[in-house]
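Here is how the chains run, residue by residue.
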Amino acid sequence: MMAHQSQRLQALDGLRALSIALVFLSHIGFGHLFPGGLGVTIFFFISGFIITKLMLEEWDTSGRVSIRNFYVRRLFRLTPALLFFVLISLALMAVVGELPPKKEVASVFFYFANYYGIYSSFSGELIKQPLAITWSLAVEEHFYFVFPFLFIGFIRLPKRFLSLIAVILLAMLAWRVYLVLTIGLDHLPHYRIYTATDTRADSILYGVVLSIVFARYPDFAKQLAYKRVFFFGVFLLLLTLAIRSEEFRESLRYSMQGIALFCMFPTLVFGKNRLNGFLQLPPVVYLGRISYSLYLYHWLVTHSVAHFLPELTTLPRIALITVLSLLLSHLSYRYIEQTFQNLGRKLMV
């Protein structure tokens, strides 16, 4: 059922491209048509799947997982591009006279930006809160502060590991339901459920589950390739977008989307079909490869253009935002991300 390694990675990059496209289109003014939140959820799912897959391969090859190498990889993968993004953001904020307090910058680099945004507020009115986009990085880092140790402790017993994950998934769903129905959305801080680690990290766990299933239960994994499974996932995903109740969206939606992606992912990434072929088109793959930098810069560019060139009409504005976002992302990927990832690999030798 699985394609070759290079094809798998290409399709994963293609899926990242789809994710960032949803986020980008939502943020430049088409949020009523394109669900940017779903794009972030897909990013989380992919992250859980691919990192667990890499850890499983390392475990199966050497019988161990190097915690040191795990964190070195993440440090050199994420931090250099993030540092340059923050410096550029601070420079633009200084130009318009809106420099943020030090604790706000600290929230980005010490990965508590999501809770900072919930219980405080990011700076920026003229250039709208450029550092706020880092909330999702905080969710992932909180997850990966814990997950490698759980992996090492339980991977010898995959059924027990999956049972533990199932309990965590149910507990997080129950926690969201409690917050919505008992405390109430009117009494919760804005974006409390959407951006907090304790209410969103399960989107990563669904990807973890799929990766373990592929590696340890191949017979069951084959059944996930059936068309009926894929179309059930499509139906479930569309249902989460169709139901507009805020109570549903802040509670059941994320769990249902996780299950939907679990059902759709095998066909999209590993199947031989037109959807998979589209995800492997070179421009789509490249968009996926620069998606991390594009996620960071598109928000800054969008609001910088709005501030410095407010007279631009819709089409020229969108064209300029697109060109500048892609250019900055390409430069970041080519000269920062790749350079420091190569350096990180040398340190792990």
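Read on for an overview of the structure. (Residues numbered from 1 in each chain as written. Predicted model: local features only at pLDDT ≥ 70, side-chain atom pairs only at ≥ 80, totals over all residues. Heavy atoms only, no water.)

Quick look at the overall build of the protein chain now. Along the protein chain, the regular secondary structure elements total 18 helices and zero strands. For 349 residues, the compact-globule estimate of 2.2 N^0.38 gives 20 Å, and the protein chain sits close to it at 20 Å. For the protein chain, the spread of C-alpha atoms along the three principal axes comes to 60 × 50 × 40 Å. Put simply, 76% of the contacts in the protein chain that link residues at least 6 apart link residues at least 24 apart. A total of about 16500 Å² of accessible surface is found on the protein chain, and carbon and sulfur atoms cover 68% of it. (Helix = DSSP H or I, 4+ residues; strand = E, 2+ residues; numbered from the N terminus. Rg over C-alpha atoms; globule rule 2.2 N^0.38 Å. Contact = heavy atoms within 4.5 Å. Areas by Shrake-Rupley, 256 points an atom, 1.4 Å probe, with all protein chains shown as cover.)

Another aspect to go through is the packing of helix α10 (residues 202-216) against helix α14 (residues 252-270). Relative to each other, α10 and α14 sit at 40°, their axes nearing to 9 Å. By the angle between their axes, α10 is oblique relative to α14. In terms of crossing hand, the pair formed by α10 and α14 is right-handed. For the pair α10 and α14, the contacting residues are D202, S203, Y206, V209, L210, V213 and F214 in the first and Y254, S255, G258, I259, F262, F265, P266 and F270 in the second. (Axes fitted to C-alpha atoms, helices over the stretch in contact; angles between N-to-C directions. Parallel < 35°, antiparallel > 145°, perpendicular 65-115°, else oblique. Left-handed = near helix turned anticlockwise from the far one by under 90°.)

Our next topic: the nonpolar core. Grouped together as the largest cluster of nonpolar side chains are 94 residues, with contacts concentrated most on L82, F85, F151, F265 and L296. It is helix α2 (residues 36-62) that contributes the most residues to this core, 13 residues altogether. In contact with L296, not counting residues within four places along its chain, are A81, L82, F85, I133, T134 and L137. By size, the runner-up hydrophobic cluster in this structure holds six residues, among which are I28, V301, V305 and I318. (Core = buried A, V, L, I, M, F, W, Y, C linked by side-chain atoms within 4.5 Å. Buried < 20%, exposed > 50% of the residue type's maximum accessible area, 1.4 Å probe, protein only.)

Let's shift gears to the side chain of R176. Mapped onto the secondary structure, R176 falls in helix α7 (residues 158-183). A distance of 2.8 Å separates the side chain of R176 from the backbone oxygen of T199, its partner in a polar contact. (Polar contact = N/O pair within 3.5 Å; in protein donor to acceptor, adjacent residues only side chain to side chain.)

It is worth spelling out the packing of aromatic side chains at this point. Counted under the stated rule, the structure contains 25 aromatic pairs. Arranged with centres 5.9 Å apart and planes meeting at 50°, the rings of Y191 and Y194 form a pair that is tilted. Their ring planes at 65° and their centres at 6.3 Å tell us that F265 and F270 sit as a pair that is edge-to-face. By the ring-pair criterion, three or more aromatic residues cluster together here, those being W59, F70, Y71, F143, Y144, F147, F151, F154 and F161. The ring of Y254 carries R200 above its face, with NZ or CZ at 4.0 Å from the centroid. (Phe/Tyr/Trp six-rings, centres within 6.5 Å; stacked < 30°, edge-to-face > 60°. Lys NZ or Arg CZ within 6 Å of the ring centre and 35° of its normal.)

With that settled, consider α10. One turn of an α-helix holds 3.6 residues; hence residues three or four places apart share an orientation. For α10, with 15 residues, the first-to-last C-alpha span of 21 Å sits near the 21 Å given by 1.5 Å per residue. Most of α10 sits out of view: 13 of its 15 residues are buried. (Expected span 1.5 Å × (residues − 1).)

Attention now goes to unusual backbone geometry. Even without being a glycine, Q129 presents a positive backbone phi close to 35°. Tracing the backbone through its elements, the reader meets Q129 in the loop between α5 (113-119) and α6 (135-154). Even without a glycine there, the phi angle at Y191 is positive, about 65°.

We now examine the packing of helix α3 (residues 67-95) against helix α17 (residues 291-308). Two measures define how a pair of helices packs: the angle their axes make with one another and the distance between the axes. It is the contact of α3 with α17, at a shortest axis distance of 10 Å, that shows an interaxial angle of 5°. Classified by the interaxial angle, the pair formed by α3 and α17 is roughly parallel. The residues of α17 that touch α3, namely those facing R77, L78, A81, L82, F84, F85, I88, S89, L92 and V95, are Y292, S293, L296, Y297, L300, S304 and F308. Its residues assigned to classes, the contact of α3 with α17 comprises 13 nonpolar, three polar and one charged. (Nonpolar A, V, L, I, M, F, W, Y, C, P; charged D, E, K, R; others polar.)

By the burial criterion, the buried members of helix α16 (residues 282-289) are V284, V285 and G288. For α16, the arc enclosing every buried residue in end-on projection is 100°, short of the 170-degree limit, so these residues lie on one face. Relative to its buried face, α16 has exposed residues pointing more than 90 degrees away, namely P282 and P283. (Arc of directions from axis to C-beta.)

Quick look at the pattern of salt bridges now. In total, this model carries 12 salt bridges according to the counting rule given. A salt bridge links K53 to E57; its shortest N-O distance comes to 2.5 Å. Here the residue K53 and the residue E57 both occupy positions in helix α2, the gap between them amounting to four residues, near one helical turn. Close ionic contact of D60 with R216 constitutes a salt bridge, the shortest N to O distance being 2.7 Å. Separated by 156 residues along the polypeptide, D60 in helix α2 and R216 in helix α10 bring together distant segments of the chain. Note on R216: relative accessible area 24%, which makes it partly exposed. Each of D13, R16 and R289 takes part in one network of salt bridges that share partners. (Salt bridge = Lys/Arg side-chain N within 4 Å of Asp/Glu carboxyl O.)

Taken together, the side chains of F232, F235, L239 and I259 define a hydrophobic patch exposed on the protein surface, amounting to about 360 Å² of accessible area. The leading source of residues in the nonpolar patch is helix α12 (residues 227-242), at three residues. Its place among the elements puts I259 in helix α14. According to the relative accessible area criterion, I259 is partly exposed, its value standing at 36%. (Patch = residues over 30% accessible without salt bridge, like charges linked within 9 Å, V, L, I, M, F, W, Y side chains within 5 Å.)

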